[in-house]
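Structural overview for review
In case you want the letters, here they are:
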Amino acid sequence: HQIDAAIVRLLKKQKSLSHADLVQQLGAELCFGPSVSDVKQRVESLLQREYIGRDERDPNLYHYVS
């Protein structure tokens, strides 16, 4: 749940982030370094629940959905 909350918090603040930037900022945001596979899994979950969205032209860019 901490990874989900951090992802939503970062995207809410910055409106959009690339996957690489998101992983990098999550490492700085959280006291533990989440693995890339954990981040990918949580991103997919948030996409399914429509908390965040994927850019139509660039699949590596995520947007906060309000």
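Residues numbered from 1 in each chain as written. Predicted model: local features only at pLDDT ≥ 70, side-chain atom pairs only at ≥ 80, totals over all residues. Heavy atoms only, no water.

**Description of the nonpolar core**
As a reminder of what qualifies: Here the nonpolar core consists of buried residues drawn from Ala, Val, Leu, Ile, Met, Phe, Trp, Tyr and Cys, with membership extended through side-chain atoms lying within 4.5 Å. Partly exposed describes any residue whose relative accessible area lies between the buried limit of under 20% and the exposed limit of over 50%, with all areas from a 1.4 Å probe on protein chains only and scaled to the type maximum. Secondary structure elements follow DSSP: runs of H or I no shorter than four residues count as helices, runs of E no shorter than two count as strands, and numbering proceeds from the N terminus. Contacts are residue-level and defined by heavy atoms, with any inter-residue pair within 4.5 Å sufficient.
Judged by nonpolar contacts, the single largest core of 16 residues is most densely connected at I7, L11, L22, L26, V43, I52 and Y62. Considering each element in turn, this core owes the most residues, 6 residues, to helix α1 (residues 2-14). Not counting the four nearest positions on each side in its chain, I7 is found in contact with L22, L26, V39, R42, V43, L46 and I52.

**Some remarks on the packing of helix α2 (residues 19-29) against helix α3 (residues 36-48)**
If you want to describe how two helices pack, look at the angle between their axes and the distance between the axes. Stated precisely, the cut-off is as follows: Axis lines are fitted through C-alpha atoms, for helices just across the contact stretch, and the angle between N-to-C directions can take any value from 0 to 180 degrees. Any angle that falls under 35 degrees is termed roughly parallel, while one over 145 is termed roughly antiparallel, one within 65 to 115 roughly perpendicular, and all others oblique. In this scheme the handedness of a crossing depends on how the near helix is turned from the far one: anticlockwise by less than a right angle means left-handed, clockwise means right-handed. Charged residues are taken to be Asp, Glu, Lys and Arg, nonpolar residues to be Ala, Val, Leu, Ile, Met, Phe, Trp, Tyr, Cys and Pro, and polar residues to be all remaining types, Gly included.
Packing of α2 against α3 brings their axes to within 11 Å, and their N-to-C directions diverge by 115°. By the angle between their axes, α2 is roughly perpendicular relative to α3. In this structure, the crossing between α2 and α3 has a hand that is right-handed. Contacts between α2 and α3 pair H19, L22, V23 and L26 from the former with V36, V39 and V43 from the latter. Class assignment of the residues belonging to the contact of α2 with α3 gives a composition of 6 nonpolar, 1 polar and no charged.

**A look at the environment of L10**
Within the element layout of this structure, L10 appears in helix α1. Spatially, the C-alpha atom of L10 lies 8.8 Å from that of E29, the residues being 19 residues apart in sequence. The residues contacting L10, other than those within four sequence positions of it, are L17, L22, Q25, L26 and E29.

**Concerning the sheet that holds strand β1 (residues 16-18)**
As a reminder, the rule being used: Here, any two strands with at least 2 DSSP bridges between them count as paired.
One open sheet holds the 3 strands; their spatial order is β1-β3-β2, and the pairing between them is antiparallel. Each having just a single partner strand, β1 and β2 (52-54) make up the two edges of the open sheet. Pairwise comparison of adjacent strand axes, ignoring direction, gives a mean angle of 25° for this sheet. Taken together, the 3 bridges between β2 and strand β3 (residues 61-64) define a ladder with antiparallel strand orientation. Residue pairing across strands places R54 opposite Y62, the latter belonging to β3. Relative to β1, α1 is tilted by about 115°, and along the sheet it contacts β1, β2 and β3. Across the face of the sheet, α3 comes into contact with β2 and β3 while running at roughly 100° to β2.

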